[in-house]
Amino acid sequence: MPRTTHPLRAFFAHPELSKEIMLAEARAHRAADRYIAGQYWDPTAGRGCAVGCAVVSINARAKLGLLHADHAGVAAALGWPKWLAYAENCIFEGLPAAERAAWPEAIIEATPAGADLSGVRDQWFALMLRQVVLPVAGTSATIVERVAHGLETGWAGDSQEEARVAAAEAAEAAAAKADAAAEAAEAAE
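Only a predicted model underlies this, so the values are computations on that prediction, with no experimental measurement involved. (Residues numbered from 1 in each chain as written. Predicted model: local features only at pLDDT ≥ 70, side-chain atom pairs only at ≥ 80, totals over all residues. Heavy atoms only, no water.)

**Quick look at the pattern of salt bridges**
Any two side chains of opposite charge can pair, on the condition that their charged atoms come close. What the rule picks out here adds up to 11 salt bridges. Between Arg 47 and Asp 33 there is a salt bridge, with its nearest N and O atoms 3.5 Å apart. With Arg 47 in strand 2 (residues 47-48) and Asp 33 in the loop between helix 1 (19-31) and strand 1 (41-42), this residue pair connects regions lying 14 residues apart in the sequence. Given a relative accessible area of 26%, Arg 47 falls into the partly exposed group. Note that Arg 146 and Asp 158 form a salt bridge whose closest N and O atoms lie 2.8 Å from each other. Of this pair, Arg 146 sits in helix 8 (residues 141-153) while Asp 158 sits in the loop between helix 8 and helix 9 (160-188), placing them 12 residues apart in sequence. For Arg 146, a relative accessible area of 26% corresponds to the partly exposed category. A relative accessible area of 25% means that Asp 158 is categorised as partly exposed. Because the salt bridges share partners, they merge into one network encompassing Arg 27, Arg 30, Glu 105 and Glu 109. (Salt bridge = Lys/Arg side-chain N within 4 Å of Asp/Glu carboxyl O. Helix = DSSP H or I, 4+ residues; strand = E, 2+ residues; numbered from the N terminus. Buried < 20%, exposed > 50% of the residue type's maximum accessible area, 1.4 Å probe, protein only.)

Below you can see the structure in the form of structure tokens.
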């Protein structure tokens, strides 16, 4: 697929792959119990992961001939940035089995048709830092918040390099603290 420099517009790359069509495809995959973890596509069973099932739908609808492990091809076909296709599948693989099959529908539903997704990565990472990392950051909470804020603002008023150094130092301090706690626990046994 040729590289483009225009903004990524979700579900606008191919009319055969509109949001409504892809949502119906994801629902059909779930209803047919086609979603499985750990394998892009099992042709014998007709089952696969989020990317593998998306490729089946994309190839059936738009005749693109993608391979089942082609995250970049899925991203291009759907008007998504590559990182989002990888993130979708990583999250899918990490979800409990009972929740996994609903994830492809959820991400499609949450993505506005025609949205320019080229600039959302930093916003998404900031959200993940705040919702996933910050609650367990402990003494590193300040640097986690600093990095999240920097990502949101494009580092306006802050130095990305200084924040990187501070984050590395906080990580080293946390690792040293964990090592000391493990050694103390071993000594107490």
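**Things to note about helix 6 (residues 103-110)**
Looking at helix 6, one finds that the buried residues are Pro 104, Glu 105, Ile 107 and Ile 108. In an axial view of helix 6, the angular spread of the buried residues amounts to 165°, which keeps them on one side of the axis. On its buried side, helix 6 packs onto helix 1, helix 2 (50-62), helix 4 (82-94) and helix 5 (97-100). (Arc of directions from axis to C-beta. Contact = heavy atoms within 4.5 Å.)

**Observations regarding the packing of helix 1 against helix 2**
Remark: helix 1 packs on helix 2, axes separated minimally by 10 Å, with the N-to-C direction vectors making an angle of 130°. Considered as vectors, helix 1 and helix 2 are oriented oblique to each other. Of the two possible hands of crossing, helix 1 and helix 2 adopt the one that is right-handed. Contacts between helix 1 and helix 2 involve Ile 21, Met 22, Glu 25 and His 29 on the former and, on the latter, Cys 53, Ala 54, Val 56, Ser 57, Ile 58 and Arg 61. Looking at the contact of helix 1 with helix 2 residue by residue, the class counts come to six nonpolar, two polar and two charged. (Axes fitted to C-alpha atoms, helices over the stretch in contact; angles between N-to-C directions. Parallel < 35°, antiparallel > 145°, perpendicular 65-115°, else oblique. Left-handed = near helix turned anticlockwise from the far one by under 90°. Nonpolar A, V, L, I, M, F, W, Y, C, P; charged D, E, K, R; others polar.)

**Focus on unusual backbone geometry**
A positive phi angle is found at Phe 11, which is not glycine, with a value near 65°. If you trace the backbone, Phe 11 turns up in the segment before helix 1. Classification of Phe 11 by relative accessible area gives buried; the value is 4%. One non-glycine residue with positive phi stands out, namely Trp 155, at about 70°. Position of Trp 155 relative to the elements: it lies in the loop between helix 8 and helix 9. A residue is classified by how much of its surface remains accessible, and Trp 155, at 14% relative accessible area, is buried.

**Some details on the packing of aromatic side chains**
Taken as a whole and assessed by the stated rule, the structure comprises five aromatic pairs. Plain terms: the ring middles of Phe 11 and Trp 80 are 6.1 Å apart, the flat faces sit at 80° to each other, and that makes the pair edge-to-face. Here Trp 80 lies in the loop between helix 3 (71-78) and helix 4 and Phe 11 lies in the segment before helix 1, a separation of 69 residues in the sequence. The two residues Phe 11 and Trp 80 agree in class, both being buried. Three or more aromatic residues joined by ring pairs make a cluster, and in this case those are Trp 83, Trp 124 and Phe 125. Over the ring of Phe 92 we find Arg 100; its NZ or CZ atom is 5.9 Å from the centre of that ring. (Phe/Tyr/Trp six-rings, centres within 6.5 Å; stacked < 30°, edge-to-face > 60°. Lys NZ or Arg CZ within 6 Å of the ring centre and 35° of its normal.)

**A look at the side chain of Glu 25**
Tracing the chain through its elements places Glu 25 in helix 1. Exposure remark for Glu 25: the relative accessible area of 17% places this residue in the buried category. Of the polar contacts made by the side chain of Glu 25, one reaches the side chain of Ser 57; its length is 2.7 Å. Setting aside residues no more than four positions away along its own chain, Glu 25 makes contact with Ser 57 and Arg 61. (Polar contact = N/O pair within 3.5 Å; in protein donor to acceptor, adjacent residues only side chain to side chain.)

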